[in-house]
There are 2 protein chains.
Amino acid sequence: MLHPRPPRGAVRHSPIASVVLTGAEVDSIAGLLVLREQHAFALYASQATLAVLAGNPIFGVLRPALVPRRALTMEMPVELADAEGVPLGLRLRAFPVPGKPPLFAEGTKPDDPDQAIGLQVSAAGGPALFFIPGCAAMTPALREALRGAACVLFDGTLWRDDEMLRCGAGTKTGQRMGHMSISGPEGTLAAFADLGVRRRILIHLNNTNPVLLTDSPEHAAVRAAGWEVAEDGMEIRL
Amino acid sequence: MLHPRPPRGAVRHSPIASVVLTGAEVDSIAGLLVLREQHAFALYASQATLAVLAGNPIFGVLRPALVPRRALTMEMPVELADAEGVPLGLRLRAFPVPGKPPLFAEGTKPDDPDQAIGLQVSAAGGPALFFIPGCAAMTPALREALRGAACVLFDGTLWRDDEMLRCGAGTKTGQRMGHMSISGPEGTLAAFADLGVRRRILIHLNNTNPVLLTDSPEHAAVRAAGWEVAEDGMEIRL
């Protein structure tokens, strides 16, 4: 979430007013360590994710005095605010999605239901955008939440569950990693077919995913099903 | 340290055969989290630095079975090897330098003398390169170790101790951060003036350092004193 009116004249500056985490996997949280030092922003995450951060002293580089950590209560809408509590004009609702704890934290504690979450974001009175970068399965509750949405950014990690094994890039299935696949009868294309979501955008694509190749049949299939594939620098207007 | 003969034919590959850490500050260790997953390499560091890694479960992304952690004993030369123990043809000597614990770990434990280290690296029978990215002061022992060296890469963080305060970029002095300055009677240029080091290269320059501006008087001063300024992609032949 960017600051709507960044202060001017500062020698050092970052427009980032708040950060919302959807999980504690390393690809979600390592970026916190390369943000500008001594920059104030508000950090929102589930209790489960905040517990992972608290268990790793290195995240102390985000000084508590500058970077307040705010726990998201599932299903409870919150008005996003910057570090000083100034509202950003965005309403956020977090909700649990099927997932798993981060790989590096597996086995260290009982699974928590809020390890992976989805986000619903909207500006005052405007349409909602859903952000769900990791999701292990479509549930009835999720289906109803997404029905008719203006825009959904959704887990596009793998085309098929055994993709990494087939191309020799790894030993894990998508299910083992907490991701549903795009294809197949239980896949994302099928799950969204009758949901009436206006814009559907695949995000978080693994580099083994053939959908990334714009001349592949898999890319053609997602386009034909009404999906877009996210790219760096993409801007979305609702 | 790169693998001399990378294996061929792998779908995924990294030429990195070993990594040697000179400290546990976030700018030294956060990069470990963005290395290719499931890639085997050997990780060398002081006991103090390995203790910081062990205290942060997130570094479990480097699986112990793939990334052995090897403690460096100060002043004890070691033949660098990859994860499987295959020698890389490089001899390494680690030695303590004046420094401090990482900012995020300050106050949590007694200071350890090996929080900041320097490295001496050489190929069989060849000249030595010294790598010292952080150093709070020149000591008599360090002076004698460096005398007549073929090449020294040295802490060039700040031009002057109060540089960050003067330009409004921060509240800390160089000494507070564990860095000696380039200029001044106790500075790096003065300390190396009579050491007879063949190549002297400034590294780890802060973005407030006027030496980075090639048309600055400070840049001219370091060049006149026989120093080079490191740049991305630099190759050094001894």
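This text follows the structure it describes.
Residues numbered from 1 in each chain as written. Chains lettered and ligands numbered in written order. Predicted model: local features only at pLDDT ≥ 70, side-chain atom pairs only at ≥ 80, totals over all residues. Heavy atoms only, no water.

1. Structural notes on the interface of chain B and chain A
Listed by partner, the interface residues are 26 residues for chain B and 26 residues for chain A. Both sides together, the interface formed by chain B and chain A hides about 1,800 Å², and carbon and sulfur atoms give 62% of it. Among the residues chain B hides against chain A, the three largest losses belong to Arg12, Ile58 and Phe104 of chain B. Together they make up 31% of the total. For the pair chain B and chain A, the interface holds zero salt bridges. (Contact = heavy atoms within 4.5 Å. Buried area = accessible area lost by both parts, 1.4 Å probe. Salt bridge = Lys/Arg side-chain N within 4 Å of Asp/Glu carboxyl O.)

2. Structural notes on the pairing of strand β7 (residues 129–132) of chain B
All names here are of chain B. As judged from the three bridges shared by strand β6 (residues 117–123) and β7, these two strands associate in the antiparallel manner. Its bridge partner being in β7, valine 121 is matched across the sheet by leucine 129. The parallel pair β7 and strand β8 (residues 151–155), bridged by helix α3 (residues 140–146), forms a crossover whose chirality is right-handed. (Pairing = 2+ DSSP bridges. Helix = DSSP H or I, 4+ residues; strand = E, 2+ residues; numbered from the N terminus. Right-handed = clockwise from strand over helix to strand, strands pointing away.)

3. Some details on the sheet that holds strand β5 (residues 87–96) of chain A
Residues and elements named next belong to chain A. Spatially, the seven strands line up as an open sheet ordered β4-β5-β6-β7-β8-β9-β10, and their pairing is mixed. Edge positions in the sheet fall to β4 (78–81) and β10 (227–229), since each of these pairs with one other strand and no more. Adjacent strand axes in the sheet meet at a mean angle of 30°, parallel and antiparallel pairs treated alike. Here β4 pairs with β5 via three bridges, running antiparallel. Among the inter-strand pairings, glutamate 79 is bridged to a residue of β5, identified as arginine 91. With respect to the sheet, helix α7 (residues 217–224) is in contact with β9 (199–203) and β10, its orientation differing from that of β10 by roughly 130°. (Axes fitted to C-alpha atoms, helices over the stretch in contact; angles between N-to-C directions.)

4. Here we look at the pairing of strand β7 (residues 128–132) of chain A
Residues and elements named next belong to chain A. The buried fraction of β7 is high, at four of five residues. Looking at chain direction, strand β6 (residues 117–123) and β7 are connected through four bridges and run antiparallel. Bridge pairing in β7 places serine 122 opposite alanine 128. Hairpin remark: β6 followed by β7, antiparallel, with four residues in the connecting loop; positive phi at glycine 125, about 70°. Across four bridges, β7 lies against strand β8 (residues 151–155) in parallel orientation. If you follow phenylalanine 131 over to β8, its bridge partner there is leucine 153. Handedness of the crossover joining β7 and β8 through helix α3 (residues 140–146) is recorded here as right-handed. (Buried < 20%, exposed > 50% of the residue type's maximum accessible area, 1.4 Å probe, protein only.)

5. Digging into the relation of the copies chain B and chain A
Two chain copies here: they are related by a rotation about an axis and a translation along the same axis. Between the two copies, chain B and chain A, the superposition gives an RMSD of 0.0 Å; the rotation angle is 180° and the shift along the axis is 0.0 Å. On the angle and the small slide along the axis, the relation comes out as a two-fold axis. If distances are taken from each C-alpha of chain B to the rotation axis, the shortest is found for asparagine 56 of chain B, at 2.3 Å. In this assembly the copies share their binding face: 100% of the residues contributing to the interface of chain B also contribute to that of chain A. (Least-squares fit on C-alpha atoms with pLDDT ≥ 70 in both.)

6. Overview of the packing of aromatic side chains
Residue and element names in this part refer to chain A. This structure, assessed with the given rule, holds six aromatic pairs over all chains. Taking the centre distance of 4.9 Å and the plane angle of 80° together, the rings of phenylalanine 192 and tryptophan 227 count as edge-to-face. Pair noted here: phenylalanine 192 is in helix α6 (residues 188–192) and tryptophan 227 is in strand β10, with a separation of 35 residues, a long-range link. An identical accessibility class is assigned to phenylalanine 192 and tryptophan 227; each is buried. By way of ring pairs, the aromatic residues Phe154, Phe192 and Trp227 are connected into one cluster. (Phe/Tyr/Trp six-rings, centres within 6.5 Å; stacked < 30°, edge-to-face > 60°.)

7. Comments concerning unusual backbone geometry
All names here are of chain B. Positive phi values are uncommon outside glycine, yet glutamate 75 reaches one of about 70°. For glutamate 75, a relative accessible area of 45% corresponds to the partly exposed category. With a phi angle near 60°, histidine 204 is a residue other than glycine that sits in the positive phi range. With respect to the helices and strands, the residue histidine 204 is situated in the loop between β9 (199–203) and α7 (217–224). Overall, the relative accessible area of 34% leaves histidine 204 in the partly exposed class.

8. Let's talk about helix α2 (residues 47–54) of chain A
Here α2 of chain A has its buried residues at Ala48, Thr49, Leu50, Val52 and Leu53 of chain A. For α2 of chain A, the elements touching its buried residues are α1 (26–29), β2 (42–45) and β3 (69–71) of chain A.

9. So, the nonpolar core
Among the nonpolar cores identified, the biggest contains 41 residues, and Ile29, Leu32 and Leu43 of chain A together with Ile29, Leu32 and Leu43 of chain B are the most heavily contacted of them. Those elements giving two or more residues to this core turn out to be α1, β2 and α2 of chain A together with α1 (26–29), β2 (42–45) and α2 (47–54) of chain B. Excluding anything up to four places from it in sequence, isoleucine 29 of chain B contacts Ile58 of chain A together with Leu21, Gly23, Ala24, Val52, Leu53, Phe59 and Phe104 of chain B. (Core = buried A, V, L, I, M, F, W, Y, C linked by side-chain atoms within 4.5 Å.)

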